[in-house]
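Coordinates in review
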Amino acid sequence: DVKVTQSSRYLVKRTGEKVFLECVQDMDHENMFWYRQDPGLGLRLIYFSYDVKMKEKGDIPEGYSVSREKKERFSLILESASTNQTSMYLCASRSLGQSYSNQPQHFGDGTRLSIL
Amino acid sequence: AQKVTQAQTEISVVEKEDVTLDCVYETRDTTYYLFWYKQPPSGELVFLIRRNSFDEQNEISGRYSWNFQKSTSSFNFTITASQVVDSAVYFCALSEAPSGGGADGLTFGKGTHLIIQP
């Protein structure tokens with residue numbers, strides 16, 4: 001089974017802090033993703049990564065950055081946390097598959113982040 | 001731009017009833033993929049099914065079935081003889097075909113909260 005592990009289930013930080021959310025997958029997947037989930041808005045894509053050291057902006061990248069130095073790890077960084085970044089953050093990974101056949105994404109348990 | 005609409009915000013049924021969750025999508029691509037995910041109270045998103053745009057065959061897996069109709073841009077999900085353990089938020093999602101070998105994200109609907117009462 002694919003295992004996507006997010007470092008924290010719950011996290012509380014203060015406004016202005018630099019926050020790191022870590023995600024590790026154990027299936028040698030090329031693609032990794034960060035989403036945030038908010039009530040009434042569903043899941044929205046923040047950033048994704050094709051492969052090591054590669055990254056692309058998703059639909060709502062403002063206020064975030066990412067790092068992918070190793071294939072198994074994809075970090076989401078809040079450079080200066082703000083209260084409107086209080087949310088559930090979900091990491092996902094996906095195999096590139098054959099002929100880019102759009103394999104399903106596998107998700108971690110999520111990190112519920114509160115910014116005070 | 002692609003879009004997924006799940007018009008039902010919340011559905012509540014009594015155990016053993018059948019229930020259908022609606023999903024309508026918009027995309028300009030001719031090649032695309034549709035997904036359903038389940039999110040139980042624990043929070044993890046669980047993959048249920050993937051369907052590509054060339055395969056309109058309906059699928060049944062136990063009590064779950066999916067009806068894909070390109071003519072109406074719909075990909076509906078039916079649970080037969082619902083059980084309390086089916087209570088969760090269900091998301092429909094769309095992804096267009098990857099181009100240039102790159103990754104791409106899913107566009108999610110806002111989800112349907114399904115409550116199965118004993």
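Numbers given for residues are sequential positions, taken from 1 along each chain in its written order. Chains and ligands are labelled sequentially in the order written, the chains with letters from A and the ligands with numbers from 1. With the structure being a predicted model, the display of local features is reserved for residues of pLDDT at least 70 and the display and counting of side-chain atom pairs for 80 or more, all residues being used for whole-chain, interface and lining totals. With hydrogens and water set aside, each side-chain value is computed from the structure's full complement of heavy atoms.

Quick look at the overall build of chain A now. On a plain count of helices and strands, chain A comes out with zero helices and 12 strands. Secondary structure elements in chain A, listed N-terminal to C-terminal, are β-β-β-β-β-β-β-β-β-β-β-β. Values of the radius of gyration come from C-alpha atoms, whereas the globule rule sets the reference at 2.2 Å times the count of residues to the power 0.38. Computed over C-alpha atoms, the radius of gyration of chain A comes to 14 Å, within 12% of the 13 Å expected from 2.2 N^0.38 for 116 residues, which places it in the range of a compact globule. Reported as C-alpha extents along the three principal axes, the dimensions of chain A are approximately 45 × 30 × 25 Å. Only protein chains enter the area calculation, which uses a 1.4 Å probe; residues under 20% of their type maximum are buried, those over 50% are exposed, and those in between are partly exposed. Counting across all 116 residues of chain A, residues that qualify as buried make up 50%. Should any heavy atoms of two residues lie within 4.5 Å, those residues are counted as being in contact. Counted over contacts in chain A with a minimum sequence separation of 6, partners at least 24 positions apart contribute 56%. In this description, accessible areas are obtained by the Shrake-Rupley approach with a 1.4 Å probe, and a residue is regarded as covered only by the protein chains that are shown. When the accessible surface of chain A is totalled, it reaches about 5700 Å², and 48% of it is carbon and sulfur. In DSSP terms, a helix is any run of H or I states spanning at least four residues, a strand is any run of E spanning at least two, and both are numbered starting from the N terminus.

Okay, unusual backbone geometry next. A positive phi angle, near 60 degrees, is found at Asp28 of chain A, a position not held by glycine. The residue Asp28 of chain A is located in the loop between β4 (23-25) and β5 (31-38) in this model. We note that Ala81 of chain B has phi near 50 degrees; this positive angle belongs to a residue other than glycine. By the secondary structure assignment, Ala81 of chain B is in the loop between β9 (74-79) and β10 (88-96). Among the residues examined, Ala81 of chain B registers a relative accessible area of 33% and is labelled partly exposed.

Okay, the layout of surface pockets next. In this model, the largest pocket occupies a volume close to 830 Å³. Forming the walls of the largest pocket are 40 residues, and the residues nearest its centre are Gln37, Asp38 and Gly42 of chain A together with Phe91 and Lys110 of chain B. Of all the secondary-structure elements, those providing two or more residues to the lining of the largest pocket are β5, β6 (42-49) and β10 (87-94) of chain A together with β1 (3-5), β10 and β11 (107-108) of chain B. Looking at which element gives the most residues to the lining of the largest pocket, the answer is β6 of chain A, with four residues. Classifying every residue of the lining of the largest pocket by side-chain character gives 15 nonpolar, 18 polar and seven charged. For each structure, a 1 Å grid was placed over the protein atoms alone; sets of points admitting a 1.4 Å probe that cannot get out are labelled cavities, open sets with protein on both sides within 12 Å along at least five of seven lines are labelled pockets, and lining residues have an atom within 4 Å of a point. Grid points are joined across faces, edges and corners, and a volume is the space filled by probe spheres set on the points. Here the term charged refers only to Asp, Glu, Lys and Arg, the term nonpolar to Ala, Val, Leu, Ile, Met, Phe, Trp, Tyr, Cys and Pro, and the term polar to all other amino acids, Gly among them.

Below, the discussion takes up the nonpolar core. Ranked by size, the top nonpolar core spans 23 residues in total, and within it Trp36, Phe77 and Tyr90 of chain B carry the most contacts. Listed by contribution, the elements that provide at least two residues to this core are β2 (10-14), β3 (19-21), β5 (32-39), β8 (64-69), β9, β10 and β12 (112-117) of chain B. Per-element accounting of this core gives the leading share, four residues, to β10 of chain B. Nonpolar core, defined: a set of buried Ala, Val, Leu, Ile, Met, Phe, Trp, Tyr and Cys residues in which side-chain atoms within 4.5 Å join the residues together. Membership of the second largest hydrophobic core comes to 20 residues, among which are Leu11, Leu78, Tyr89 and Leu113 of chain A.

This part covers the state of the cysteines. Sulfur atoms of two cysteines make up a disulfide when they are within 2.5 Å. In total, this model carries two disulfides over all chains according to the counting rule given. Residue pairing for Cys23 of chain A: its cysteine sulfur links by disulfide to Cys91 of chain A, the two sulfurs lying 1.9 Å apart. Between Cys23 of chain A and Cys91 of chain A the disulfide shows an S-S torsion of about -80 degrees. By sign, it is left-handed. With Cys23 of chain A in strand β4 and Cys91 of chain A in strand β10, this residue pair connects regions lying 68 residues apart in the sequence. Here Cys23 of chain A matches Cys91 of chain A in class, with each residue buried. Here Cys23 of chain B engages in a disulfide with Cys92 of chain B; their sulfurs sit 2.0 Å apart. The sign of the S-S torsion, about -65 degrees, decides the handedness of the disulfide formed by Cys23 of chain B and Cys92 of chain B: left-handed. A residue pair is termed long-range when its members are at least 10 positions apart, and Cys23 of chain B in the loop between β3 and β4 (24-26) and Cys92 of chain B in strand β10 qualify at 69 residues.

Glancing now at the pairing of β5 of chain B. All names here are of chain B. Among the eight residues of β5, eight are classified as buried, and the element is accordingly described as predominantly covered. Residues Tyr32, Leu34, Trp36 and Lys38 point to one face of β5 and Tyr33, Phe35, Tyr37 and Gln39 to the other, with burial holding for every one of them. The sheet contact formed by β5 and β10 spans eight bridges and is antiparallel. Paired with Phe35 across the strands is Ala93, a residue of β10. In this structure, β5 lies alongside strand β6 (residues 46-52), joined through six bridges in antiparallel fashion. One bridge is not enough; two strands pair if DSSP finds at least two bridges between them.

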